[in-house]
Amino acid sequence: MSVELPNDPAREDVLAARPALWLNPGLKDNGIADPALPVRAAQVDEAEHNWQALAPLLQRCFPELAAARGRIQSQLIEAKALREALGYQDADYGRVFVKADGDLPVAGSIKARGGVYEVFMHARKMAEKRGILTPGGDITVLAGEQARALFAQHTIAVGSTGNLGLSVGIAARALGFRAVVHMSADAKQWKVDRLTRLGVEVVRHQADYTTAVEHARVDAEADPSIYFVDDERSQMLFFGYSAAASELAAQLAAAGVQVDAEHPLFIYLPCGIGGAPGGVAYGLKAIFGDAAHTFFVEPVQSPCALVHMMSGAEELVSVYDVGLNNRTEADGMAVARMSAFVAEVMKPLLAGVFTVADDDLFRWLWMAETTQAIRLEPSATAGFAGPQFIVRSPRGLAYQQARGLSGKLANATHVVWTTGGAFVPEEQFQQFLQRGAALVAGD
Ligand SMILES: *Cc1c(COP(=O)(O)O)cnc(C)c1O
């Protein structure tokens, strides 16, 4: 299929794989209340309650969660030395923060918020159905022998470029399920090795992410003992991620950040298929409404959300359809075709999407580590382009004007959502750092 993108100021740069900011013409005032949306804001609260209910079990399964009493949370870090390195020291950049999901316990990436949630919710449901857990009863029985014996007869499967597989595999094995992870060709070897050590069966495909997911789905359909975590359609994943919004809201309040029409909040979320950034963005819109300006960020060769949403087409448009190749070092975002579900939900809510070049990911990785010891993988750094795009670029100025934000940027807060990194092996991380250092030295 070959698709012609509509006339748009960003089109030429997108097609030439140059960094660009696209503004979503579908963004609506109070879009969160759009009756056409297939989900409701109340589902974010439900997810928050479910996470609370799961906490004692999570703490039992993962001793590293003891201090946080079973909650999987990350820090909000103000970028100080880092903002200087990035060139964001001027007053019109407002305050700049990093939401450090790269350090999330259990899975070492933002996928801890989605994959762990879906696996544990699935286990809870199964245990209730079999009478092992009574509704409202002691959730920690799921770590007991009877539950483990039940789970051992069932398989959880997923397709992944790496991190979702890690998260689902770790969660499934912690409860005693069998786990099968279908990995795309982009998946880094260390992620495969780590899963194999946990007893997860890893199936490697010489193909892209969409194909890996398809294989996992077909296998699961043929066997009722397999539960498939469907990254292209799962509302469970989406709402697991969405609970991050209330965590961030509390952290912003604690940092003295005001969010309203005069004090806009900009959030930059790395996007693969769209589930993680979509869920977080949805949760933030549910809390802050129009004062939250949510942007996705994608590699220049893999802007699947950008091209599909820009196309305005009903049928999903992939990056291949517009002549891009989906090649990137940012394995967490190496996705050619976004989730149709997320595209529908984001249509009235997303402010826009910008793209970044791979070399910049390594520059930012080096800056984050050397200034504030924030350890990231390449995908996780993409949001650092956000403040520059919004505050200084022509399309950013157009957005400010369209949303009545001109002159208010000094009061703004920017949150760069960093999405993975804690589990990167030291040797691999040193290679990333060296590449970044060489690029910065050559500038
Ligand atoms: C998965 C992932 C993303 C993107 O999440 P999607 O749900 O695929 O959009 C971004 N960064 C990292 C590090 C990831 O692992």
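Source: prediction; values computed, not measured.

Asks: Got a sec to walk through the side chain of E377? Specific residues and values, please.
Replies: Along the chain, E377 falls in the loop between helix 14 (358–372) and helix 15 (386–392). Looking at E377, its side chain comes within polar contact range of the main-chain nitrogen of G421, at 3.3 Å.

Asks: Kindly report on the pattern of salt bridges, identifying the contributing residues and their values.
Replies: Counted according to the given criterion, the structure contains 24 salt bridges. Salt-bridge contacts for R392 lead to D92; the nearest nitrogen and oxygen are separated by 2.8 Å. Here R392, found in helix 15, pairs with D92, found in the loop between helix 3 (81–86) and strand 3 (95–100); they are 300 residues apart in sequence, far enough to count as distant. The exposure class assigned to D92 is partly exposed, which follows from its relative accessible area of 27%. Here K191 ties to E377 by a salt bridge, and the two come within 3.0 Å at their closest N and O atoms. In this pair, K191 sits in helix 7 (residues 189–197) while E377 sits in the loop between helix 14 and helix 15, placing the two residues 186 residues apart along the sequence. Each member of the pair, K191 as well as E377, is classed as buried. The network of salt bridges with shared partners includes E214, R217, D230, E232, R233 and R337.

Asks: Before we move on, can you summarise the UniProt feature "modified residue: N6-(pyridoxal phosphate)lysine" (unreviewed entry) in the protein with the specific residues and values?
Replies: Here the UniProt-annotated "modified residue: N6-(pyridoxal phosphate)lysine" (unreviewed entry) positions come out as K111. Along the polypeptide, K111 turns up in the loop between strand 3 and helix 4 (115–129). With relative accessibility at 14%, the residue K111 sits in the buried group. Excluding residues that lie within four positions of it along the chain, K111 makes contacts with V116, N163, L164, S167 and Y241.

Cut-off values and rules
Per chain, the residues get numbers from 1 upward, laid out in the order the sequence is written. It should be noted that, the model being predicted, local features are given only for residues of pLDDT at least 70 and side-chain atom pairs only at 80 or more, the latter also being counted only at that level, while totals for whole chains, interfaces and linings use all residues. The side-chain values count all of the structure's non-hydrogen atoms but skip hydrogen atoms and water molecules. In DSSP terms, a helix is any run of H or I states spanning at least four residues, a strand is any run of E spanning at least two, and both are numbered starting from the N terminus. Any pair of N or O atoms that falls within 3.5 Å is considered a polar contact. Within protein, one atom must be able to donate a hydrogen and the other to accept it, and sequence-neighbouring residues count only if both atoms are side-chain atoms. Definition used for salt bridges: Asp or Glu carboxyl oxygen within 4 Å of a side-chain nitrogen of Lys or Arg. Burial status follows relative accessibility: with a 1.4 Å probe on protein chains alone, a residue under 20% of its type maximum counts as buried, one over 50% as exposed, and anything between as partly exposed. UniProt positions are given in the numbering used here, feature names are shortened, and annotations may be inferred rather than shown by experiment. Contact criterion: two residues are considered in contact whenever any of their non-hydrogen atoms come within 4.5 Å of each other.

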